[in-house]
Each structure stands twice: as structure tokens, then as C-alpha cells.
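Spelled out from the first residue to the last, the chains are:
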Protein chains: 2
Amino acid sequence: MDDIIALAKRRGFIYPSSLIYGGLANTWDFGHYGTLLKNNVRDWWWKRFVIGRDDMVSIDASIFLNPKAWEASGHVENFTDVLIDCKICHTRTRADHLIEDKLKIQAEGLPLEKLNKLIADNKIKCPKCGNFDWTPARKFNLLFETKIGIVEESQSTAYLRGEIAQGIFLNFKNIIDTMRVRIPFGIAQQGKVFRNEITLGQFVHRSLEFDLMEFEYFIKESEWQKTYEYWREGMWKWAKDLGIRETRLRWREHEEHERSHYSKRTMDVEYEYPFGFKEMFGLAYRTDFDLKNHSEKSGKDLRVMDPHTGDKYIPHVIEPTFGLSRLIGILLYDAYKVDTVNGKDRVVLKLHPIIAPVKAAVFPLQKDEVLHGIAKKLHDELKQSMVSEFDDSGNIGKMYRRQDEIGTPYCITVDYQTKEDSTVTVRERDTTSQQRLPLSEVKAYIMNKIGSFY
Amino acid sequence: MDDIIALAKRRGFIYPSSLIYGGLANTWDFGHYGTLLKNNVRDWWWKRFVIGRDDMVSIDASIFLNPKAWEASGHVENFTDVLIDCKICHTRTRADHLIEDKLKIQAEGLPLEKLNKLIADNKIKCPKCGNFDWTPARKFNLLFETKIGIVEESQSTAYLRGEIAQGIFLNFKNIIDTMRVRIPFGIAQQGKVFRNEITLGQFVHRSLEFDLMEFEYFIKESEWQKTYEYWREGMWKWAKDLGIRETRLRWREHEEHERSHYSKRTMDVEYEYPFGFKEMFGLAYRTDFDLKNHSEKSGKDLRVMDPHTGDKYIPHVIEPTFGLSRLIGILLYDAYKVDTVNGKDRVVLKLHPIIAPVKAAVFPLQKDEVLHGIAKKLHDELKQSMVSEFDDSGNIGKMYRRQDEIGTPYCITVDYQTKEDSTVTVRERDTTSQQRLPLSEVKAYIMNKIGSFY
């Protein structure tokens, strides 16, 4: 993993945030290639799950919601981590993670007494100082608080959203009233969430703020198992289509105690990091918990009518959630390979071409004005349809290495032969195989190879 | 403007946030069509100003930065609004806006004494209760504060970013160290900012959180005027290309007192709302203010080397800023038209086709299984390349009206003649003119008309 973090920084994918000021724990900034990669994954998701479908609409809700929403949703009461402190070195840590790391069992969501007992019975020591002297475990809320309104005396507490789903539930009535939708249908959203977590320094896997992609799929209660299975397949398929190695993926069902307060069934697609299997995507059956609570607390009728029976009911909901920020970390880790080319080690990111930040790089091989002009023209042509880079720094080995490390699927070299027969060398990233193609065919060749999610 | 706000809500562009709980002042949620429109504008900007250029890289920095950054940038001290309170009805309002509304002069950035004097001399009354009994004007900081870290005693204050520029400045060294960039070059970013403002209820023009698109363009000091003019042209051109009526646009130079603390020259592209000309885009010459301060406060060398002279210097910066959220409000307002079709009033959004949320809508004209099948097949084909809608609700007038109001440039009707000669009717939004085209040519026809920013 350290290799990945180093590559991510060295090649402009992900930097630790606020680095010149010594950083800010568990925040990360996406560099140029990280931003391009993230946007590509975002856009592919959007095409597949939103605009490519007839049963999905989208929203982009604000991060600040009326605070009553977070009370009704149960987040003010239940959106908590259980933390304990070492009395000796004052390390604060998550009690469940402490147990999981030591005993290799799932401990998330266990009651406080159970957590305390497990730690005591197994004499789990502080991972930092090695002592065994803990405070009792306590619950802490994960919502960041701030104050809206500049008037001190009338300031009102507001929360930064800890999940994007509530913005969807709050807009359910708007959508029903203004869009041509009928059960079953989904409301999708992409956006940032904030969680005041004690994090474990697992790169972008856990951070204070991160991007989610999610939809709530509204159904009749009787359809929930069928719909759950449908989206289970859809999520798994996309994970595979992204090019992630299937051998590092698995489904894991949440035990009852670890499920969120709103969920009746939760399964995660987990990815096998070097530090173990961790959640990549989540699939929850939230029942009618949220809409029912919002209906009760707001006094608004959030029922829909069954067109066949005329009965009114509050829809149930299946929620597929995709963590975008952590997915970028997974994609970098999963695509990272070291192989041998011409007897030398080569680092290469074998990213799926469709999400690779740069699709093509054009090099004029020699310092020659005519070659430079031809290469530049090709680059400008490619740029009309894809992200292309132009590099005339001259050392072909270095230029290839750079593009391999950012995962560019095709490098095109313009050389003296180009002057004679208008052909160029197209080199493929994974095999490093080269072929000569007519200049005029390069763009179509690459576009055809890469494909398009639009 | 009320017509626009009503249309935006009725047609699923923009809803007041948290509506079922009575709302949350000055926050807005984008509905399906608003989200699609916003994404299109975002993507066009990205293509034009970032990946379409060879002198631009991008980042996506976190919203939380090390708090020291906001001290160094001057925001903790200077990022303020001047507010006054009516002693009678306790309305709190911006002193400069009060003066501007009444006296029709620019008052932003005037010193406190000057503001107090203008209000007193002109006996400006409270707009709410009509009395003239104000507290003195005072400065209030616009940064939202929160606490990071769950441990009460060790919590540290953090700010939600009030501008996205600081994330760029903090990553300047990362970019210089890892990317192939040379002065002049830009670092671009899109993302959300938060400002704890007393707002005036001008729809999405001012809200507590909003999306910005921005870049910092790094130059040698001697190049600043030239670069300023270059981006001035580029910004104006894009405003025109977006299809905004040029007669409603103007440049306005900020007077010295209204410029931000970091700026040596600021001009705004202003748009003429019904409530007057207001900022749409901003162009600031920030000098080396930010990098110099960050260099001093962080102790890091943020100089670059002149490749010709070998001299090291801190680059100066020109900053074009584009408010994305408010731009959506402007585009809706600007595109809104009521004309007469067949003797009836028609509301139509004459959005530039390239940013229109939906490009095509397909209607089977009669309840007929074969027609339905043909129409569905065409819709599925279009969907591979653009956002298409399928509507078989049957009332052609209603279906056109709906698509006109969301700005869909092309509606395609499948009717009995289609069965005979495989042609369909393509209706153009602005002229409502219709023509018959072979089914097989529809997609290429529309794609060609709409164009592509990729």
C-alpha cells in the first residue's frame, strides 16, 4: 500500500491535504490525474445508473438540510461510533475496530457492555503503548456541527450531511409532484459527505470528507427481495466492468448487530486490501423507515397510490451506495503492477482504458520541427475527442515510463518514417507491443479500442 | 423572476431545500433537470478551460484545510460582511446593500464610519418596519466554523472553505513538483464553497453553499496586464457561447474600496437580473499575495525558476471565477420566453442545445403496439449518445408543452405513416417547425445539430 500512496503522490493522483502546513489528518486532495480518474468513474456511474435508464431521476441537494431532518432520520441519536481511551497514553480509538483487529470477529454495532466485556475478557491492550487500562467505551456522534446565521443569539445548529440519502428522502415529494415517475423508480445523487471519525490512516479508505454515489430505489414492500437481488447483480457487474480483479471481491452480509439503525438487510461488496477485506459498495434495505419518519415529523403525506388497487402506501426502499473516493484508492491499488520490460522493472497502472485519466500521449521522437508539427497536430486532433498529452521532452524511455505509471493506454510516436509514409507507432500499455498505423487512422483506432460510456 | 422560480420548481429544475420541513433559508436543491443542466455547464467549462488546453492542470482539494491556511490567506481577518440591526424590529441586514438599494451607488467595502455616515445622512429607514433606529454597523466573518476530532478537549476549529482558491494555492508546490508544468500555466478546480451570509432571497444568486468553477493562472508579474486581457476575452466569449443575451451582460470594474483584500484589480461580468446588474463571473488579479503569505507562514519555498535568467520568484496570479449555481439561475431566467403558438401562449426555455438537460423526446402518437415498439427502439438508440425521454402519455399538446418548458430542442413523433415509410416527424423547439426524416437518420441529424463539447 505504501507503494501506491507514493505513486499517487509522485504522479499527481492524490496528495495529503494541506501538506505545506504539515497536513490535516485524514484529508486528501486529488491531483490532476486523480481528478480526471474520479470524474471518469463518476461519469460512467452516471451513465449506467441514471441517464442510461428510464426508471431513474436525479437530484443535487444541498449539504445543509433543515436540522429536523437529521432528528427524524435518527442520525442525531444513532449515527455514532463507540470509542474508548487508553488511560495511560490517552490514545482514543474505536472499540469495535480494536476487537476486530485482535480477535478477527465482526464487532461493529455490538452493545457497549458487550464491547467492554470482550476487551476485558481478552485483555486487549492499547495498540500504541501496550498497556491494558481503558476507560469504558462510549458513543460519540459523527455529524459535524456548525452554526447558520450570523446573529449570535439566533444562530441555529446545522449539521454537515453524514449521508446523501436524506437529501433524496426530503425531495421525494417534490419528485413525485413534478416528475413523471411511477413505482418502481429511483432517485440518484452524487456528492460529498462528512463524518467526524477517528480514522485509521487507511489512505482514502476512511477520511473526514468523501464523495458518494447513491440512489434510493422506491418499491412496494412485497418487491423488496426481488429488487434487492436485482441491484446486487447490478453492483457486482459494475465492479467487474470497472476492471477490478474478481478474486479480490466478495459479498459479505452484515450481522444483525452491525446493521445501521435504519436497515433490515445490508450486504457489502468488499475489496481485499493489504489490511484485509473492507467495504467498497453497500446495499441496504431501508424499508419505509425514512419516509415514514419524515412523514410523521413533517406532517406531510408521503404516500403514493397503487394504480391498480387505489390503495395509498409509503414506498419501501433499496439503497445501493458506491463510495467514490475510496473506489479511486481501490482502482489505483488494484491496477498497480510491476512487470519486466526489456529486462527492467516497470511500474504500470493497468486501469480500464475507459476510466484511464489520459487516453493517449503523443511524442515527437526527434528534435525536428516538422515532426514536432505533425505530432502537435495529431495531439490537437485527439484532444477534440479524448484527453491527450503531448510530450517532447525527448527521452522515449522516460516518456513511456511516465505514461505507464499514470495508466495511459496508448502512446503514439512520430518519427522520421512518419515524414516518408505518414505512419506512426502506436504502443499499447499492457503488452508494450507496437504497430505502425496511418496518421489518419490513429484517432478512430484509439476511440474504437477505448469505447465510450456515452 | 417569480415566474422563473415557479417554473424551476414545477418542472423539476430547482426546489427550495428541506421544503417538507418548511425549508431552510437560502438553500436550494437541484432537481433532475437542474442537475442535468448544471452537469452540462460544468462539463463544458471543464472541456473548454481544462482538458481542451495544454497549459492547465486540475485538482479536487478537500473542503477542510489546515486552519492555518485561512489565517495566512487573510480570510479569518478580512472575509467579512458589514451588518447592522434595526433596534425596533431586529432585522439584521448588510449595511452596504441597504445603501446600494436606496442610493444606487456601490457601497461594498466602504469603511464602517463611511457606511454609518451614509445611512445617517440619508436617513435610510429599515426596509422591514420603516423605522430609522439602527445599531452601528459591525463586521462579521463569513466562514462557517466546525470542530474536527471527537475528543472534546482536543477538538480543533476548522472552517468550511469560503473560496476554492486556497486549495489550489496549497497544492501549488505539489503540482510544481509532480506535473510537467511551466509558467505560464493554470490550476483549475470545481467544487462547493460555503458562506455564512445574510442573504437577500435572490433565488440561487446568493445562497449559503454554492458551486464554483475557477482557476488560478500563474504568471510572471510583468505579464499580468496582458494575461488579464486574455482571460477577459475568454470569459466574455464563453458567456456568449452559452447563449446568454449579450444585451444583458456587461463588464464592471470594482472600485478600490470594494475589491477583496487580496486583489489589485477586479472586474465582474455582470448579468442584468430584474433586480439589477449583479456579478456572474469575476476576474481578479491576486498578485503574489496568497503564495507569498503561504510561503512565509509555512516556511516552504514556493518560488519557481525563470528558465532564461535562472532567477527564482513567486509567481503572480490571475483568477477567473465562474459561479456555477448562480449561472444556472441566470441561464433559466435568460432562456425563459413566452411566445404564441397556434394562438396560444407557450412557455419555452430557449437553452443552448448543448446544455439543454434533455436533447430529444420520443412520442408514439397513437396507442398502437407497433408504433410503441418503434418509438421505444428509437429512444433506446438515442439514449446511447444523449439524454432522451420517452413519453407515451398520449396528449401531443401536453407532451410538447412539457418538453418546451424543460428546453428539449427536438421532439420526435412516431405515427401511422412511420409504419408505411419508416419516417418520423422531428419538431424543432424554437420555431416549432416540423419535418419528416427517415428513422435511420434521426440520431445523426440531432447529434449534428446539437454539436458536442467533447
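Residues numbered from 1 in each chain as written. Chains lettered and ligands numbered in written order. Predicted model: local features only at pLDDT ≥ 70, side-chain atom pairs only at ≥ 80, totals over all residues. Heavy atoms only, no water.

P184 of chain A follows I183 of chain A through a cis peptide bond whose omega is 0°. Looking at the element boundaries, P184 of chain A is found in the loop between α8 (172-178) and β9 (185-194). The backbone of N342 of chain A shows a phi angle near 55°, a positive value even though the residue is not glycine. Structurally, N342 of chain A is set in the loop between β17 (336-341) and β18 (344-349). N342 of chain A sits in the exposed class, given a relative accessible area of 79%. Positive phi values are uncommon outside glycine, yet K123 of chain B reaches one of about 45°. Note that K123 of chain B resides in the loop between α6 (112-121) and β6 (138-141). Exposure remark for K123 of chain B: the relative accessible area of 55% places this residue in the exposed category. (Helix = DSSP H or I, 4+ residues; strand = E, 2+ residues; numbered from the N terminus. Buried < 20%, exposed > 50% of the residue type's maximum accessible area, 1.4 Å probe, protein only.)

Here we take up the pattern of salt bridges. Oppositely charged side chains can pair when the atoms bearing their charge come close. Tallied over the entire structure, the rule returns 97 salt bridges over all chains. Measuring nitrogen to oxygen at the nearest pair gives 2.9 Å for the salt bridge that ties D290 of chain A to R286 of chain A. With respect to class, D290 of chain A is no different from R286 of chain A; both count as buried. One salt bridge connects D430 of chain B with R429 of chain B, and the closest N-O pair in it is separated by 2.6 Å. (Salt bridge = Lys/Arg side-chain N within 4 Å of Asp/Glu carboxyl O.)

Moving on: the sheet that holds strand β23 (residues 434-438) of chain B. In a beta sheet, neighbouring strands are held together by backbone hydrogen bonds and run either parallel or antiparallel to one another. All names here are of chain B. In space, the five strands of this open sheet follow the order β20-β19-β21-β22-β23, with mixed pairing throughout. Across the chains shown, the open sheet's two edge strands, defined by having one partner strand only, are β20 (388-390) and β23. For this sheet, the mean inter-axis angle between neighbouring strands, taken without regard to orientation, is 25°. With three bridges joining them, strand β19 (residues 360-364) and β20 adopt parallel strand pairing. Directly across from V362, in β20, lies its bridge partner F390. Relative to β19, helix α13 (residues 396-406) is tilted by about 170°, and along the sheet it contacts β19, β20, β21 (410-414), β22 (423-428) and β23. (Pairing = 2+ DSSP bridges. Axes fitted to C-alpha atoms, helices over the stretch in contact; angles between N-to-C directions. Contact = heavy atoms within 4.5 Å.)

It is worth spelling out the pairing of strand β10 (residues 209-219) of chain A at this point. Residue and element names in this part refer to chain A. Counting buried positions over the 11 residues of β10 gives 11, a clear majority of the element. With burial as the criterion, each face of β10 is covered, one bearing E209, D211, M213, F215, Y217 and I219 and the other bearing F210, L212, E214, E216 and F218. Two strands pair when backbone bridges link them, and β9 and β10 are joined in this way by 10 bridges, in the antiparallel orientation. By the bridge assignment, Q189 is partnered in β10 with E214.

Attention shifts here to the domain arrangement of chain A. Residues and elements named next belong to chain A. Its domain assignment divides chain A into domain 1 (2-79 + 142-332) and domain 2 (358-447). Computed over C-alpha atoms, the centres of domain 1 and domain 2 are 40 Å apart. Each side of the interface is counted separately: domain 1 has seven residues, and domain 2 has eight residues. Taking both sides of the interface into account, the surface hidden between domain 1 and domain 2 amounts to around 650 Å²; carbon and sulfur atoms contribute 47%. Inspection of the domain 1/domain 2 interface yields two salt bridges. Applying the counting rule to domain 1 against domain 2 returns four residue pairs in polar contact (both at pLDDT 80 or more). With three residues, helix α2 (residues 32-51) is the largest single contributor of residues to the side of domain 1 that touches domain 2. Its residues assigned to classes, the side of domain 1 that touches domain 2 comprises four nonpolar, one polar and two charged. (Domains from an automatic or database assignment. Buried area = accessible area lost by both parts, 1.4 Å probe. Polar contact = N/O pair within 3.5 Å; in protein donor to acceptor, adjacent residues only side chain to side chain. Nonpolar A, V, L, I, M, F, W, Y, C, P; charged D, E, K, R; others polar.)

The next thing to look at is the packing of α2 of chain A against helix α11 (residues 324-335) of chain A. All names here are of chain A. Where α2 meets α11, the axes come as close as 10 Å, and the angle between the chain directions of the two elements is 115°. In this view, α2 runs roughly perpendicular relative to α11, as classed from their interaxial angle. Here α2 and α11 pass one another in a crossing that is right-handed. On α11, the residues that touch L37, K38, V41 and R42 of α2 are L324, L327, I328, L331 and L332. The residue inventory of the contact of α2 with α11, partitioned by class, reads seven nonpolar, no polar and two charged. (Parallel < 35°, antiparallel > 145°, perpendicular 65-115°, else oblique. Left-handed = near helix turned anticlockwise from the far one by under 90°.)

Moving on, we get to the packing of aromatic side chains. If you walk through the whole model with that rule in mind, you get 62 aromatic pairs over all chains. Taking the centre distance of 5.0 Å and the plane angle of 55° together, the rings of F64 of chain A and F144 of chain B count as tilted. Of this pair, F64 of chain A sits in the loop between β3 (56-58) and α3 (67-72) while F144 of chain B sits in the loop between β6 and β7 (145-148), which puts the two residues in different chains. Taking the relative accessible area as the measure of exposure, F64 of chain A reaches 0% and is therefore buried. On the basis of relative accessible area, F144 of chain B is assigned to the buried category, the value being 0%. Taking 5.7 Å as the distance between ring centres and 75° as the angle between the ring planes, the aromatic pair formed by F64 of chain A and F194 of chain B counts as edge-to-face. (Phe/Tyr/Trp six-rings, centres within 6.5 Å; stacked < 30°, edge-to-face > 60°.)

It is worth spelling out the interface of chain A and chain B at this point. Facing 93 residues of chain A, the contacting portion of chain B comprises 93 residues. A combined buried area of about 7500 Å² lies between chain A and chain B, and 54% of that area is made up of carbon and sulfur atoms. Our count for the chain A to chain B interface comes out at 12 salt bridges. As a salt-bridge pair, D54 of chain B and K376 of chain A come within 3.4 Å of each other at their nearest N and O atoms.

To continue, consider the nonpolar core. Of all hydrophobic cores here, the largest spans 212 residues; its most connected members are W238 of chain A together with W238 of chain B. W238 of chain A has contacts with V41, W44, W45, R48, F49, M213, F281, F322 and L327 of chain A, leaving out every residue within four places of it along the chain. Ranked by size, the runner-up nonpolar core spans 18 residues in total, among them I63, F64 and F194 of chain A together with F144 of chain B. (Core = buried A, V, L, I, M, F, W, Y, C linked by side-chain atoms within 4.5 Å.)

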